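Secondary and tertiary structure notes
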Amino acid sequence: MDRSSAAGSALEKTLRITEALAEPGGPHRLAELAAATGVPKSSTYRILSSLIQQGYAVTDGEGSYGIGLRLRTLAAEIGAERPAGIVELLQFLQRGTGQAVQLALRSGDALTCVRKIESNQPFRTASRVGVRIPMHSTAVGKAVLAHLAPAEADAVVRAAGMPALTPRTLTDREALAGELGAVRARGYAVDDEENEPSVRCVAAAVFDRAGVPVGAVSLTTVTFLTTRAELERFTPALLEAARGVQRLLRLG
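Just so it is clear, the model here is predicted, and its values are computed rather than measured.

A word on the overall build of the chain. Check the secondary structure of the chain and you find 10 helices and nine strands. Along the three orthogonal principal directions, the C-alpha set of the chain runs to about 70 × 40 × 30 Å. For the chain, the residues scored as buried account for 46% of the 252 residues in total. Intrachain contacts of the chain at a sequence separation of at least 6 include 56% that bridge at least 24 residues.

As C-alpha cells, this is what we get:
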C-alpha cells in the first residue's frame, strides 16, 4: 500500500471512531468502539490516545471514552453558523431589552465571541466577534465556570490566571468560588465593571447534549445608563434566549 492509501485508511478509521464517540449513550468502552467501527482494538486504542492528546476525546482512565472539549466546541461553532435561527433569536432578545447581546463559546481557558448584536445606544464595548474573552472577569466566563466540574474550573483559572483588569475584578480564587456558587443559585452570572470600567453584563450558560457548558449568552450595558437592578430584570428573557440557542446548537 502506498503512503497516500495508508494515510487515507488511517483518516477513515479516525473519522469512524470520532463518529462513534459522539453516539448517544456515552462514555463508550474501548471494545464497544472497536466493534461499532470495525477497527481492531489495538488500532482503536492508538487512535483514541491521539484524539485524547489533541483534546477531541477524554477518558476516565478505566477503559471508557467520551468526546472532548475541542470536539464539543467544534460542534457548537458549527451549530452557531445557523444564522436563520440563532441570529434571529439574538436579535429578538436585543429588540426586547434594548441591550447589546453576545454569544460566546468556550475555547480552552477562555471564550471567543462568535455573535454580537449591538444596542441602540451610542456606546460600544471592547468585545467584538473573534475576540477572546477571559473567564474570571466576565459574566459569560463566570456562567461557564460555574457549571464546570470544580476540578476543571479550578484548572482553567490556574492556567489562565486572574489578572486585575479593573479595580473591581475578582483576583482571589476563594472569592471567585463564592461568586460561582451564587451564579449556580440564581441561574445567571453578573459582571459589574469587572472586565471593563463602566460596563455591566449579565449572562446565562448554554449547554450541549451532555449537559456540559460550551458557552453563554449575555446582555451588556453601561453603568451610567442602566442600573444593575434594571439589567437583572431582563434575566427571564435572557434565560429563555439561552435555552433557545442551546436547542439550535444541539440541532447543528
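Turning next to the pairing of strand S5 (residues 110-117). Of all eight residues in S5, eight are buried, a share of seventy percent or more. Bridge count for strand S4 (residues 100-107) against S5 is seven bridges, and the pairing is antiparallel. Paired with Leu 103 across the bridge in S5 is Arg 115. Between S4 and the antiparallel strand that follows it, S5, lie two residues; Gly 108 among them carries a positive phi value of about 70°. The sheet contact formed by S5 and strand S6 (residues 132-133) spans two bridges and is antiparallel. Looking at the pairing, Leu 111 lines up with Ile 133 of S6.

For helix H2 (residues 30-37), the full list of buried residues reads Leu 30, Leu 33, Ala 34 and Thr 37. Viewed end-on, H2 has its buried residues packed into an arc of 100°, placing them on one side of the element. For H2, the exposed residues lying more than 90 degrees away from the buried face are Ala 35 and Ala 36. Note on H2: the residue one or two positions beyond its end, Gly 38, has a positive phi of about 75°.

Conventions adopted
- Residues numbered from 1 in each chain as written.
- Predicted model: local features only at pLDDT ≥ 70, side-chain atom pairs only at ≥ 80, totals over all residues.
- Heavy atoms only, no water.
- Helix = DSSP H or I, 4+ residues; strand = E, 2+ residues; numbered from the N terminus.
- Buried < 20%, exposed > 50% of the residue type's maximum accessible area, 1.4 Å probe, protein only.
- Contact = heavy atoms within 4.5 Å.
- Pairing = 2+ DSSP bridges.
- Arc of directions from axis to C-beta.

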